[in-house]
Amino acid sequence: MQHAMPDKLSDALRTEDRRERIIEALRQNDAVTVADLSEWLNVSDVTIRKDLQHLEDQGYLTRVRGGAVFSGRGQLELRFAARQQICLEEKRRIACAPSNMYAPALPSTSTPAAPSIRWRGCCAT
């Protein structure tokens, strides 16, 4: 391991808090061991292995013999989620621009039974 783990935590953490700390440890160290995490988080090796399995299923890490290494996939998904929120209003205006380029179609006189369709999406003006 490149960096030493922080001091041992005295109280047991909730599952989600523990998993967040595992992810943080991975971000700082790129690799962690079950033994180090178990001692640091004050839980059993079995608990750490279950946490690592869950985090691997989520794409945050890749399990290896005796521990885990950081996986870029989970980080990529977090970055994408954050980027989705940047310039959101501008993105909506760009998406709506094509709908403003066309005039609405007139109802056809050849098919009087056809229902009148009116756009009610976010781009309606």
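Our subject is the structure that appears above.
The structure contained in this document is the topic of the report that follows. Because the structure is a prediction, the values reported are computed rather than measured.

## Thoughts on the pattern of salt bridges
Working step 1: In this structure the tally under the stated criterion is six salt bridges.
Working step 2: A salt bridge links R14 to D17; the nearest nitrogen and oxygen atoms lie 3.9 Å apart.
Working step 3: D51 is the salt-bridge partner of R18, the closest N and O atoms lying 2.4 Å from each other. With R18 in helix α1 (residues 15-29) and D51 in helix α3 (residues 45-57), this pair connects stretches of sequence that are 33 residues apart. The residues R18 and D51 share a single accessibility class, namely buried.
Working step 4: Among the ionic contacts, a cluster of salt bridges with common partners joins E16, R18, R19 and D51.

## Things to note about the side chain of S38
Working step 1: Relative to the elements of secondary structure, S38 occurs in helix α2 (residues 34-41).
Working step 2: At a separation of 3.0 Å, a polar atom in the side chain of S38 contacts the side chain of D45.
Working step 3: For S38, the contacting residues outside a window of four places in its chain are V43, S44, D45 and I48.

## Regarding the sheet that holds strand β3 (residues 67-70)
Working step 1: Within the open sheet, the three strands sit side by side as β1-β3-β2. Their pairing is antiparallel. The sheet terminates laterally at β1 (31-33) and β2 (61-64), the two strands that pair on one side only. Across the sheet, the axes of successive neighbouring strands diverge by a mean angle of 25°, strand direction being ignored.
Working step 2: One ladder, built from four bridges, connects β2 with β3; its direction is antiparallel. Looking across to β3, one finds that R63 is bridged to A68.
Working step 3: α3 contacts β2 and β3 of the sheet and is inclined by roughly 135° relative to β2.

## With respect to the packing of α2 against α3
Working step 1: Where α2 contacts α3, the axes come no closer than 9 Å and their chain directions differ by 110°. Classified by the angle between their axes, α2 and α3 sit roughly perpendicular to one another. Crossing of α2 against α3: the hand is right-handed. Residues V34, A35, L37, S38 and L41 of α2 form the contact with α3, whose participating residues are D45, I48, R49 and L52.
Working step 2: Looking at the contact of α2 with α3, its residues break down into six nonpolar, one polar and two charged.

What counts, and at which threshold
- Residues numbered from 1 in each chain as written.
- Predicted model: local features only at pLDDT ≥ 70, side-chain atom pairs only at ≥ 80, totals over all residues.
- Heavy atoms only, no water.
- Salt bridge = Lys/Arg side-chain N within 4 Å of Asp/Glu carboxyl O.
- Helix = DSSP H or I, 4+ residues; strand = E, 2+ residues; numbered from the N terminus.
- Buried < 20%, exposed > 50% of the residue type's maximum accessible area, 1.4 Å probe, protein only.
- Polar contact = N/O pair within 3.5 Å; in protein donor to acceptor, adjacent residues only side chain to side chain.
- Contact = heavy atoms within 4.5 Å.
- Pairing = 2+ DSSP bridges.
- Axes fitted to C-alpha atoms, helices over the stretch in contact; angles between N-to-C directions.
- Parallel < 35°, antiparallel > 145°, perpendicular 65-115°, else oblique.
- Left-handed = near helix turned anticlockwise from the far one by under 90°.
- Nonpolar A, V, L, I, M, F, W, Y, C, P; charged D, E, K, R; others polar.

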